[in-house]
Amino acid sequence: MKKEFISFILLILCFLHQSTLLSRFTMGGIVPNLMIVMIATIGFLLGNRTGMWFGFVFGLITDIFFGQIIGLYACIYMFMGYLNGAFEKILFPHDIKLPLLLIVCTDFVYSNICYILFFLLKGRFDYLYYLRRIILPELIYTTVLACIIYPFVHFIFEKIDIFDAKHMGETYIEEQ
(Lines give C-alpha, C1' and ligand atoms only; values in the text may rest on other atoms or scores of the structure.)
Protein backbone atom coordinates (compact mmCIF):
# COMPACT_ATOMS: atom_id res chain seq x y z
CA MET A 1 0.00 0.00 0.00
CA LYS A 2 2.92 2.33 0.71
CA LYS A 3 4.34 1.81 -2.77
CA GLU A 4 1.01 2.65 -4.37
CA PHE A 5 0.72 5.83 -2.30
CA ILE A 6 4.28 6.87 -3.18
CA SER A 7 3.56 6.03 -6.84
CA PHE A 8 0.48 8.23 -6.74
CA ILE A 9 2.48 11.15 -5.31
CA LEU A 10 5.29 10.65 -7.85
CA LEU A 11 2.81 10.54 -10.72
CA ILE A 12 1.19 13.76 -9.55
CA LEU A 13 4.64 15.38 -9.38
CA CYS A 14 5.50 14.11 -12.87
CA PHE A 15 2.18 15.37 -14.22
CA LEU A 16 2.76 18.79 -12.69
CA HIS A 17 6.36 18.95 -13.91
CA GLN A 18 5.43 17.83 -17.41
CA SER A 19 2.59 20.31 -17.74
CA THR A 20 4.33 23.30 -16.15
CA LEU A 21 8.09 23.23 -15.61
CA LEU A 22 9.19 21.07 -18.54
CA SER A 23 7.11 23.10 -20.98
CA ARG A 24 9.67 25.85 -20.41
CA PHE A 25 12.57 23.51 -21.26
CA THR A 26 11.46 22.33 -24.66
CA MET A 27 13.97 21.27 -27.25
CA GLY A 28 12.65 22.15 -30.67
CA GLY A 29 9.13 22.26 -29.25
CA ILE A 30 9.48 18.74 -27.82
CA VAL A 31 8.59 17.96 -24.20
CA PRO A 32 9.62 14.62 -22.64
CA ASN A 33 6.81 12.31 -21.64
CA LEU A 34 7.28 11.81 -17.91
CA MET A 35 3.88 10.16 -17.64
CA ILE A 36 5.00 7.32 -19.91
CA VAL A 37 8.20 6.93 -17.86
CA MET A 38 6.31 6.74 -14.56
CA ILE A 39 3.47 4.54 -15.79
CA ALA A 40 5.94 2.11 -17.38
CA THR A 41 8.09 2.13 -14.24
CA ILE A 42 5.11 1.52 -11.96
CA GLY A 43 3.90 -1.20 -14.29
CA PHE A 44 7.07 -3.27 -14.26
CA LEU A 45 7.89 -2.63 -10.59
CA LEU A 46 4.38 -3.21 -9.18
CA GLY A 47 2.70 -5.44 -11.79
CA ASN A 48 0.23 -5.20 -14.62
CA ARG A 49 -2.90 -4.62 -12.54
CA THR A 50 -1.36 -1.68 -10.67
CA GLY A 51 0.19 -0.33 -13.86
CA MET A 52 -3.16 -0.59 -15.60
CA TRP A 53 -5.03 1.29 -12.88
CA PHE A 54 -2.43 4.02 -12.55
CA GLY A 55 -2.35 4.34 -16.34
CA PHE A 56 -6.12 4.68 -16.47
CA VAL A 57 -6.37 7.24 -13.67
CA PHE A 58 -3.57 9.46 -14.90
CA GLY A 59 -4.66 9.07 -18.50
CA LEU A 60 -8.07 10.31 -17.42
CA ILE A 61 -6.46 13.25 -15.64
CA THR A 62 -4.51 14.01 -18.83
CA ASP A 63 -7.76 13.79 -20.80
CA ILE A 64 -9.50 16.19 -18.47
CA PHE A 65 -6.75 18.80 -18.55
CA PHE A 66 -5.36 18.49 -22.07
CA GLY A 67 -7.36 16.01 -24.13
CA GLN A 68 -9.89 16.68 -26.81
CA ILE A 69 -11.76 13.42 -26.18
CA ILE A 70 -12.31 12.12 -22.65
CA GLY A 71 -10.99 8.57 -22.31
CA LEU A 72 -8.51 8.50 -25.18
CA TYR A 73 -5.35 8.99 -23.11
CA ALA A 74 -6.90 6.90 -20.35
CA CYS A 75 -7.14 3.93 -22.71
CA ILE A 76 -3.65 4.49 -24.13
CA TYR A 77 -1.97 4.86 -20.72
CA MET A 78 -3.96 1.95 -19.29
CA PHE A 79 -2.77 -0.25 -22.16
CA MET A 80 0.84 0.90 -21.65
CA GLY A 81 0.72 0.28 -17.89
CA TYR A 82 -0.72 -3.19 -18.38
CA LEU A 83 1.81 -4.19 -21.03
CA ASN A 84 4.77 -3.01 -18.95
CA GLY A 85 3.38 -4.82 -15.93
CA ALA A 86 3.61 -8.09 -17.86
CA PHE A 87 7.40 -7.78 -17.58
CA GLU A 88 7.34 -7.70 -13.76
CA LYS A 89 8.18 -11.40 -13.50
CA ILE A 90 11.29 -11.23 -15.69
CA LEU A 91 12.58 -7.86 -14.53
CA PHE A 92 15.81 -7.55 -12.61
CA PRO A 93 15.16 -4.16 -11.02
CA HIS A 94 18.85 -3.36 -10.45
CA ASP A 95 19.67 -3.80 -14.14
CA ILE A 96 18.56 -0.64 -15.89
CA LYS A 97 18.87 -1.99 -19.47
CA LEU A 98 15.50 -3.79 -19.68
CA PRO A 99 13.50 -0.99 -18.03
CA LEU A 100 15.06 1.58 -20.36
CA LEU A 101 14.38 -0.61 -23.37
CA LEU A 102 10.77 -1.01 -22.25
CA ILE A 103 10.40 2.74 -21.73
CA VAL A 104 11.84 3.41 -25.19
CA CYS A 105 9.48 0.87 -26.76
CA THR A 106 6.52 2.21 -24.78
CA ASP A 107 7.23 5.79 -25.83
CA PHE A 108 7.68 4.71 -29.46
CA VAL A 109 4.36 2.80 -29.46
CA TYR A 110 2.64 5.71 -27.69
CA SER A 111 3.97 8.20 -30.25
CA ASN A 112 2.84 6.02 -33.14
CA ILE A 113 -0.62 5.63 -31.65
CA CYS A 114 -0.79 9.41 -31.29
CA TYR A 115 0.35 9.81 -34.90
CA ILE A 116 -2.39 7.48 -36.10
CA LEU A 117 -5.13 9.08 -34.01
CA PHE A 118 -4.18 12.74 -34.35
CA PHE A 119 -2.49 13.01 -37.75
CA LEU A 120 -3.11 10.03 -40.01
CA LEU A 121 -6.87 10.10 -39.50
CA LYS A 122 -6.84 13.80 -40.43
CA GLY A 123 -5.17 13.06 -43.74
CA ARG A 124 -1.59 13.97 -42.82
CA PHE A 125 0.39 11.13 -44.35
CA ASP A 126 3.99 12.35 -43.94
CA TYR A 127 5.07 9.78 -41.33
CA LEU A 128 8.82 10.25 -41.93
CA TYR A 129 8.52 13.96 -41.13
CA TYR A 130 6.62 13.15 -37.93
CA LEU A 131 9.19 10.45 -37.08
CA ARG A 132 12.19 12.77 -37.55
CA ARG A 133 10.70 15.90 -36.01
CA ILE A 134 8.58 14.58 -33.16
CA ILE A 135 8.90 10.86 -32.37
CA LEU A 136 12.69 10.47 -32.29
CA PRO A 137 13.51 13.74 -30.45
CA GLU A 138 10.84 12.98 -27.83
CA LEU A 139 12.14 9.44 -27.54
CA ILE A 140 15.69 10.65 -26.88
CA TYR A 141 14.57 13.36 -24.44
CA THR A 142 12.31 10.93 -22.57
CA THR A 143 15.03 8.26 -22.42
CA VAL A 144 17.55 10.68 -20.92
CA LEU A 145 15.10 11.62 -18.18
CA ALA A 146 14.17 7.95 -17.69
CA CYS A 147 17.83 7.28 -16.84
CA ILE A 148 17.32 9.58 -13.85
CA ILE A 149 13.71 8.80 -12.89
CA TYR A 150 13.79 4.98 -12.97
CA PRO A 151 16.78 4.57 -10.59
CA PHE A 152 15.22 7.17 -8.28
CA VAL A 153 11.85 5.35 -8.12
CA HIS A 154 13.57 1.98 -7.73
CA PHE A 155 15.68 3.39 -4.88
CA ILE A 156 12.58 4.69 -3.10
CA PHE A 157 10.81 1.33 -3.50
CA GLU A 158 13.87 -0.49 -2.15
CA LYS A 159 13.93 1.76 0.92
CA ILE A 160 10.25 1.04 1.52
CA ASP A 161 10.95 -2.71 1.29
CA ILE A 162 13.91 -2.42 3.68
CA PHE A 163 11.86 -0.34 6.13
CA ASP A 164 8.95 -2.79 5.96
CA ALA A 165 11.26 -5.80 6.43
CA LYS A 166 12.98 -4.14 9.38
CA HIS A 167 9.63 -3.18 10.91
CA MET A 168 8.17 -6.65 10.36
CA GLY A 169 11.26 -8.18 11.98
CA GLU A 170 10.89 -5.99 15.07
CA THR A 171 7.19 -6.85 15.33
CA TYR A 172 7.99 -10.55 15.00
CA ILE A 173 10.64 -10.36 17.75
CA GLU A 174 8.28 -8.44 20.07
CA GLU A 175 5.55 -11.07 19.63
CA GLN A 176 7.85 -13.88 20.77
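Our subject is the structure that appears above.
Right, let's walk through the structure included here.

What counts and what doesn't
Residues numbered from 1 in each chain as written. Predicted model: local features only at pLDDT ≥ 70, side-chain atom pairs only at ≥ 80, totals over all residues. Heavy atoms only, no water. Salt bridge = Lys/Arg side-chain N within 4 Å of Asp/Glu carboxyl O. Helix = DSSP H or I, 4+ residues; strand = E, 2+ residues; numbered from the N terminus. Buried < 20%, exposed > 50% of the residue type's maximum accessible area, 1.4 Å probe, protein only. Patch = residues over 30% accessible without salt bridge, like charges linked within 9 Å, V, L, I, M, F, W, Y side chains within 5 Å. Areas by Shrake-Rupley, 256 points an atom, 1.4 Å probe, with all protein chains shown as cover. Expected span 1.5 Å × (residues − 1).

Quick look at the pattern of salt bridges
At step 1: Evaluated as defined, the whole model comprises three salt bridges.
At step 2: A salt bridge links Lys 3 to Asp 161, with the nearest nitrogen and oxygen atoms 2.9 Å apart. Residue Lys 3 is located in helix α1 (residues 2-21), and its partner Asp 161 is located in helix α6 (residues 127-175); the two are separated by 158 residues in the primary sequence.
At step 3: Across the pair Glu 88 and Lys 89 runs a salt bridge whose closest N-O atoms are separated by 4.0 Å.
At step 4: Under the relative-accessibility criterion, Glu 88 is labelled partly exposed at 30%.

What about a nonpolar patch on the surface?
At step 1: Judged by side-chain polarity, Phe 5, Phe 8, Ile 9, Ile 12, Leu 13, Leu 16 and Val 57 come together as a nonpolar surface patch covering roughly 560 Å² of accessible area.
At step 2: The dominant element in the nonpolar patch, judged by the number of residues it contributes, is α1, at six residues.
At step 3: Residue class for Ile 12 comes out partly exposed when judged on its relative accessible area of 30%.

What about helix α2 (residues 34-46)?
At step 1: With 13 residues, α2 should reach 18 Å at 1.5 Å per residue; the first-to-last C-alpha distance of 18 Å fits that figure.
At step 2: The element α2 is extensively covered by neighbouring structure, given that 13 of its 13 residues are classed as buried.
At step 3: Positive backbone phi, at 105°, marks Gly 47, one or two positions downstream of α2.

By themselves, these are just geometric observations and shouldn't be taken as functional.
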